Amino acid sequence: MKIVIIDYGAGNIQSIMFAIKRLGYKAVLSNDAEEIKNADKVIFPGVGEASSAMAKLKATGLDKVIPTLKQPVLGICLGMQLMCHSSEEGSTEGLGIFDLDVVKFSNKVKVPQIGWNQISNLKSELFTNIAEKSYIYLVHSFYAPIGPETIASSEYEVNYSAALQKGNFYGVQFHPEKSSDVGSEILKNFLTLI
Ligand SMILES: NC(=O)CC[C@H](N)C(=O)O
C-alpha cells in the first residue's frame, strides 16, 4: 500500500511517519502531484499559522490537486482546518472541501487548548472500535463548528468538530500520532479503509 504524506513545509511530519511505522506501514513524504494522485492513502498534516501554511501549499500548486483526490485523504489538525472553506487565522481561504468556516475560541477560555480532551458522537468507520468519550490530544486555538460533516465532537467553551468527513475526505482536529492507543487505532482505521 502506498501511503503519501503531503510535504508542503508546514507539517508535523516526523511524528506522523513514526506513528505509521509503529503500525507496520511505511509512508513517503512528497509534494509531487502525480505521486500524491497515485497513492492509496494520503495524509495532509499541518501545524502553525493557517494563512502562511496556505501560502506554502499554494506555492506547491497542491491546493488545486488535493480537492480532486479520489482515494482516502486524512487532514490532521491544521490540515483539517485548511480543508475547510476558510479560517479566521490570518483571514485565509481554505480548500473548500468541508463547508465550514474555522473560527477562534473566545477569550473566555485559555487558548491554545493544549492537552487531552474527549471525543463524542462518533460516526464513520474512522472510529471503529473507539469508545465514546475516548481521550485524544489537541493543540489548537481555532476550531471548525459543528456541521453536517461532523463525525466526532468535543467540548471546549463550545461543542466543536473534532473530526469531519465528506466522502473520501476525513479530517481530525486532534493529533492521532500523539493520542496514544486511541490515536493509533484511529490511524489504523484510516490506513485500512478500502
Ligand atoms: N497545532 C496547530 O498548528 C494549531 C492549528 C491552528 N494554528 C490553531 O491554532 O487552531
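Residues numbered from 1 in each chain as written. Predicted model: local features only at pLDDT ≥ 70, side-chain atom pairs only at ≥ 80, totals over all residues. Heavy atoms only, no water.

## Description of the UniProt feature "active site" (unreviewed entry) in the protein chain
No. 1: Following the UniProt record, the feature "active site" (unreviewed entry) maps to C77, H175 and E177 here. Taken together, the annotated residues stretch across 101 residues yet fold into one region, lying no more than 10.9 Å apart by C-alpha.
No. 2: Relative to the helices and strands, C77 is located in the loop between strand 4 (73–76) and helix 4 (78–82).
No. 3: Looking at where H175 falls in the secondary structure, it is placed in the loop between strand 13 (169–172) and helix 5 (180–191).
No. 4: Sequence-distant contacts of H175, that is, excluding residues within four places in its chain, are made with N12, V47, I76, C77, Y137 and V139. (UniProt positions renumbered as here; feature names shortened; annotations may be inferred. Helix = DSSP H or I, 4+ residues; strand = E, 2+ residues; numbered from the N terminus. Contact = heavy atoms within 4.5 Å.)

## Observations concerning the packing of aromatic side chains
No. 1: Applying the stated criterion to the full structure yields 7 aromatic pairs.
No. 2: Judged by centre distance (5.1 Å) and plane angle (75°), the rings of F105 and Y156 are edge-to-face. Residue F105 is located in the loop between strand 7 (101–104) and strand 8 (113–119), and its partner Y156 is located in strand 11 (residues 150–156); the two are separated by 51 residues in the primary sequence. This pair shows no difference in class: F105 is buried, exactly as Y156 is.
No. 3: With a centroid separation of 5.9 Å and 55° between ring planes, the pair formed by Y143 and Y160 is classed as tilted. Of this pair, Y143 sits in strand 10 (residues 142–145) while Y160 sits in strand 12 (residues 158–166), and the two are 17 residues apart along the sequence. Each member of the pair Y143 and Y160 is classed as buried.
No. 4: Each member of the aromatic cluster is reached from another via a ring pair, and the members are F105, Y143, Y156 and Y160. (Phe/Tyr/Trp six-rings, centres within 6.5 Å; stacked < 30°, edge-to-face > 60°. Buried < 20%, exposed > 50% of the residue type's maximum accessible area, 1.4 Å probe, protein only.)

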